[in-house]
Amino acid sequence: MSVQELLPAVFERDDLRNCIRLRLSGASEFPPVQVRFPKAGRKRVAGTLSPTGLDFPYPASLRAESAVVLQVEVAGEQLRWQGPLAAVRDATPPAIRVSICEHDPARGFLRLTGWVAGLPKQARILLYAGGRAIAETRVDKRRPDVAEAHPLLPVACGFDLRAEFSDAALADTLELRALYGKSDRTLTIAPVIPPRTVE
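Residues numbered from 1 in each chain as written. Predicted model: local features only at pLDDT ≥ 70, side-chain atom pairs only at ≥ 80, totals over all residues. Heavy atoms only, no water.

(A) Quick peek at the pattern of salt bridges. Under the criterion given, the structure shown has 14 salt bridges. One connected set of salt bridges, linked through shared partners, spans Glu12, Asp14, Arg17, Arg21, Asp55 and Arg89. (Salt bridge = Lys/Arg side-chain N within 4 Å of Asp/Glu carboxyl O.)

(B) The arrangement of the side chain of Glu12 in detail. Within the secondary structure, Glu12 sits in strand β1 (residues 11-14). With relative accessibility at 2%, the residue Glu12 sits in the buried group. Side chain to side chain, Glu12 and Arg89 meet in a polar contact 2.9 Å long. Excluding its chain neighbours within four sequence positions, the residues that come into contact with Glu12 are Cys19, Ile20, Arg21, Arg23, Val88, Arg89 and Ala91. (Helix = DSSP H or I, 4+ residues; strand = E, 2+ residues; numbered from the N terminus. Buried < 20%, exposed > 50% of the residue type's maximum accessible area, 1.4 Å probe, protein only. Polar contact = N/O pair within 3.5 Å; in protein donor to acceptor, adjacent residues only side chain to side chain. Contact = heavy atoms within 4.5 Å.)

(C) Geometry of the packing of aromatic side chains. For the structure shown, the criterion picks out 0 aromatic pairs. Over the ring of Phe109 we find Arg107; its NZ or CZ atom is 5.3 Å from the centre of that ring. Sitting above the plane of the Tyr128 ring, Arg177 keeps its charged end 3.7 Å from the centroid. (Phe/Tyr/Trp six-rings, centres within 6.5 Å; stacked < 30°, edge-to-face > 60°. Lys NZ or Arg CZ within 6 Å of the ring centre and 35° of its normal.)

(D) Molecular detail of unusual backbone geometry. Positive phi, close to 50 degrees, is recorded for Asn18, a residue that is not glycine. The residue Asn18 is located in the loop between β1 and β2 (19-22) in this model. Judged by its relative accessible area of 10%, Asn18 falls in the buried class. If you check the backbone angles, Asp184 has positive phi at about 55 degrees while not being a glycine. Residue placement: Asp184 occurs in the loop between β14 (175-180) and β15 (185-191).

(E) Structural detail: the layout of surface pockets. One number sums up the size of the largest pocket: a volume of about 290 Å³. Val116, Leu119, Pro120, Lys121 and Pro154 are, among the 15 residues lining the largest pocket, the residues nearest its centre. Across the lining of the largest pocket, the residue classes break down as 10 nonpolar, 2 polar and 3 charged. (1 Å grid on protein atoms, 1.4 Å probe; cavity = no way out; pocket = protein on both sides within 12 Å on 5 of 7 lines; lining within 4 Å. Points joined across faces, edges and corners; volume = space filled by probe spheres on them. Nonpolar A, V, L, I, M, F, W, Y, C, P; charged D, E, K, R; others polar.)

(F) Spatial organisation of the nonpolar core. Counting 21 residues, the largest nonpolar core has Ile96, Val116, Ile125, Leu127, Leu174, Leu176 and Val192 as the members making the most contacts within it. Elements with a contribution of two residues or more to this core: β9 (95-104), β10 (109-117), β11 (124-129), β13 (158-164) and β14. In contact with Val192, other than residues within four places in its own chain, are Cys101, Leu112, Leu127, Ala171, Leu174, Glu175 and Leu176. By size, the runner-up hydrophobic cluster in this structure holds 18 residues, among which are Phe37, Val45, Phe56 and Val72. (Core = buried A, V, L, I, M, F, W, Y, C linked by side-chain atoms within 4.5 Å.)

(G) Examining the sheet that holds strand β8 (residues 89-90) more closely. Pairing within the open sheet is mixed, and its 5 strands lie in the order β4-β5-β2-β1-β8. Two strands bound the open sheet, and with one partner strand each, they are β4 (48-50) and β8. Note: β2 against strand β5 (residues 53-57), 4 bridges, orientation antiparallel. Of the residues in β5, the one forming a bridge with Arg21 is Asp55. (Pairing = 2+ DSSP bridges.)

(H) Structural view of the sheet that holds β10. Ordered by their spatial adjacency, 3 strands build an open sheet running β9-β10-β13, and the pairing between neighbours is antiparallel. Edge strands, defined here as strands with exactly one partner in the open sheet, are β9 and β13. Sheet twist, expressed as the mean angle between neighbouring strand axes with direction ignored, is 20 degrees. (Axes fitted to C-alpha atoms, helices over the stretch in contact; angles between N-to-C directions.)

(I) Main features of the pairing of β5. The buried fraction of β5 amounts to 4 of the 5 residues, a majority that puts the element mostly inside the structure. Where β4 lies against β5, 3 bridges are found, and the strand directions are antiparallel. Note that in β5 the partner of Thr48 across the bridge is Asp55. Here β4 folds back onto β5, and the loop between the two strands holds 2 residues.

(J) Representation of the side chain of His150 within the structure. Relative to the assigned elements, His150 resides in the loop between α2 (144-149) and β13. Discounting chain neighbours no more than four positions away, the residues touching His150 are Asp15, Leu16, Asn18 and Trp115.

In structure tokens form, the structure reads like this:
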């Protein structure tokens, strides 16, 4: 495997946390490593230790085509790779974020808007109450505010879900699930806490 293939594979991208991560499972210590973002005018970015590796945050001003320089020293040899940020392996964890929750128990109306990360385009968002699906939507709404804060997420990462819901006894069981594929594999789950009154 060439350096051009090795380094982007050793590193991974987390677009939810806006970072490039050096992930070495089972390693007690990390080799000397440098990460730079020339377009952002940064000579070198300091890494911070996380439960999954060594994280190097990238600025929200970058885009998919922005250059990144990765350099690792292994056995006294320096391996260096430069290429677009999008070429680093995407390992963004599946996530659902609720931005707005409106609930009118008298009318039996519930509306949820939000956005997702790390999901395939074909994923469906379902609302569950008491373990039963009561509404479904797709991820197809434009969220330029999210794309500005997380530049490698697609602009159309939002959803808008509306459901009939008035059973207060099931309010604590509300959750959103991202399902994928013919088998409806659950990719992630997010609890929903409806407001007590309509704002």
